[in-house]
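# Report on the structure
Chain by chain, the residues:
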Amino acid sequence: MKLLVYGAGVCGSLFAARMHEADHDVSLLARGGRLTALRQHGVQLAEEDSPAVRRVPVPVIEHPGSEYDLITVFVRTHQVDTVLESLTGVQGDVLFLLNWAAGPETLGAAIGHERVLLGFPVTGGTMDGDVIRYRKGSFLTRRVAMPIGEPDGRTTPRLERIVGTFRTAGINAKAEPQMDAWLRTHAAFEVPLGQAAHAAGGPVALADDPDAVRNMLHLMRQNLAAMETPPVPRAFAALRALPQGLLVAALRRFLKSPTAVHSGLNDPSAAMAAELEQLTEQLRAPARARSHIRPFAE
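Residues numbered from 1 in each chain as written. Predicted model: local features only at pLDDT ≥ 70, side-chain atom pairs only at ≥ 80, totals over all residues. Heavy atoms only, no water.

So, on to the packing of helix α9 (residues 210-226) against helix α11 (residues 244-255). Here α9 crosses α11 at 110°, and the two axes come no closer than 10 Å. On the basis of their axis angle, the class for α9 and α11 is roughly perpendicular. Contacts between α9 and α11 involve P210, V213, R214, M216, L217 and R221 on the former and, on the latter, Q244, L247, V248, L251, R252 and L255. (Axes fitted to C-alpha atoms, helices over the stretch in contact; angles between N-to-C directions. Helix = DSSP H or I, 4+ residues; strand = E, 2+ residues; numbered from the N terminus. Parallel < 35°, antiparallel > 145°, perpendicular 65-115°, else oblique. Contact = heavy atoms within 4.5 Å.)

Buried residues dominate strand β3 (residues 43-47), accounting for four of its five residues. Across three bridges, β3 lies against strand β4 (residues 54-56) in antiparallel orientation. When the bridges of β4 are listed, Q44 appears paired with R55. Here β3 hands over to β4 after six residues, with E48 in that stretch at a positive phi of 50°. Across four bridges, the pairing between β3 and strand β10 (residues 131-134) is parallel. (Buried < 20%, exposed > 50% of the residue type's maximum accessible area, 1.4 Å probe, protein only. Pairing = 2+ DSSP bridges.)

Let's shift gears to the environment of P192. Its location among the elements puts P192 in helix α7 (residues 179-200). The contact partners of P192, leaving out residues within four places of it in the chain, are A187, M216, L219, M220 and N223.

Here we take up empty space enclosed by the protein. In this approach a probe as big as a water molecule rolls over the atoms, and the regions it shows empty are the leftover space. Taken as a whole and judged by the stated rule, the model has two cavities of 30 Å³ or more. Roughly 50 Å³ of volume is contained in the second largest cavity. Mapped onto the lining of the second largest cavity, the elements with two or more residues apiece are α7 and α13 (270-284). Residue contributions to the lining of the second largest cavity peak at four residues, all from α7. Residue classes in the lining of the second largest cavity are distributed as four nonpolar, three polar and two charged. (1 Å grid on protein atoms, 1.4 Å probe; cavity = no way out; pocket = protein on both sides within 12 Å on 5 of 7 lines; lining within 4 Å. Points joined across faces, edges and corners; volume = space filled by probe spheres on them. Nonpolar A, V, L, I, M, F, W, Y, C, P; charged D, E, K, R; others polar.)

Moving on, we come to the pattern of salt bridges. Tallied over the full model, the rule gives eleven salt bridges. For the salt bridge of K256 with D208, the shortest nitrogen-to-oxygen distance reads 3.2 Å. Of this pair, K256 sits in the loop between α11 and α12 (258-261) while D208 sits in the loop between α8 (203-207) and α9, and the two are 48 residues apart along the sequence. Exposure remark for K256: the relative accessible area of 46% places this residue in the partly exposed category. A single network of salt bridges, built from pairs that share partners, joins R76, D267 and E275. (Salt bridge = Lys/Arg side-chain N within 4 Å of Asp/Glu carboxyl O.)

As defined by bridge partners, strand β9 (residues 125-128) adjoins β10 across four bridges and the pair is classed as antiparallel. Bridging across to β10, D128 finds its partner in V131.

Within the secondary structure layout, R158 lies in helix α6 (residues 157-168). For R158, the side chain forms a polar contact with the main-chain oxygen of E114, separated by 2.9 Å. Within the structure, R158 has its side chain in polar contact with the backbone oxygen of V116 (distance 3.1 Å). (Polar contact = N/O pair within 3.5 Å; in protein donor to acceptor, adjacent residues only side chain to side chain.)

Per the stated rule, a full pass over the model turns up four aromatic pairs. With a centroid separation of 5.1 Å and an interplanar angle of 80°, the aromatic rings of F15 and F166 are classed as edge-to-face. Here F15, found in helix α1 (residues 10-21), pairs with F166, found in helix α6; they are 151 residues apart in sequence, far enough to count as distant. Like F15, the residue F166 is buried in the burial classification. Ring geometry for F120 and W182: centres 5.3 Å apart, planes at 40°, overall tilted. One end of the pair, F120, is in the loop between β8 (116-119) and β9; the other, W182, is in helix α7, with 62 residues separating them in the sequence. Take W182: its relative accessible area is 11%, and that puts it in the buried class. Through successive ring pairs, a cluster of aromatic residues spans F15, F74 and F166. Cation over ring: K2 sits above Y68, and NZ or CZ is 5.3 Å from the ring centre. (Phe/Tyr/Trp six-rings, centres within 6.5 Å; stacked < 30°, edge-to-face > 60°. Lys NZ or Arg CZ within 6 Å of the ring centre and 35° of its normal.)

Contact pair α7 / α9: the axes reach a minimum separation of 9 Å and the direction vectors enclose 155°. By the angle between their axes, α7 is roughly antiparallel relative to α9. Here α7 and α9 pass one another in a crossing that is right-handed. Each of T185, A188, F189, P192, L193 and A196 in α7 lies in contact with α9, whose residues at this interface are M216, L219, M220, N223 and L224. (Left-handed = near helix turned anticlockwise from the far one by under 90°.)

This part is about α9. End to end, α9 covers 25 Å across 17 residues, agreeing with the expected 24 Å (1.5 Å per residue, within 8%). Restricting attention to buried positions, one finds in α9 the residues V213, M216, L217, M220 and L224. Each buried residue of α9 lies within a common arc of 100° when the element is viewed along its axis, so the set occupies one face. Exposed residues on α9 whose side chains face more than 90 degrees from its buried face are N215 and A226. Taken together, the buried residues of α9 touch α7, α8, α10 (238-241) and α11. (Expected span 1.5 Å × (residues − 1). Arc of directions from axis to C-beta.)

Structure representation (structure tokens):
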């Protein structure tokens, strides 16, 4: 598979390194100082706070080529418009692995509806200079699969092919028939969580403020109640059904966990704030603006 990984942040770099180590023909697109660092040192990886840094020599490029079997996009929500402009003349299916609650229609309108797939990365970590510090694997994290789906929910040959290719590289991917609803549900949870952590100064500081966690939970419940479809996965319905005290305690434990500490919740950057703002606008958009998903022939 000839693969372009568009976006050299934490998730894109981790994904590109994994695919390169599995001997796939992969290129990682980066710009500016990140491009320079990758050309000099490759993708640098360290497990959480370990001093040991592993370097993976993934080929890096500044501009996309003309044709790929698959383009995977790992950027922030507010950067998608720029990516769409740069991909209009590039051939290949495009898998958007990012926070996105606006539906597939706007993506397809820019690059062709038949090219679009949706997904979400389940890996995470933080940037420490040019080193990516990723979460230590556990039995639980290894069981969490990366969901990928067609906009219309079908299981197509290309979807099966992509899932199979990722699995051969050790990436636990799965076909998700309700990927659009999955992304909307995740945004309904992620936006209050990210905004509360950003305002508090990080997940641990948020965990130490029970009132802020209760307010965050209230906003999550409001977002889920406003959705036009049931939550996907269904486990998110527990945020509306379980007692508040139980949920606040569980959320506070999560916020102090390594999973939360070594994640974007600890990112105080303006880019994170801009992404959360864009996701908020997408959640507020009326359902009719996200309808009329167009099926296509494989």
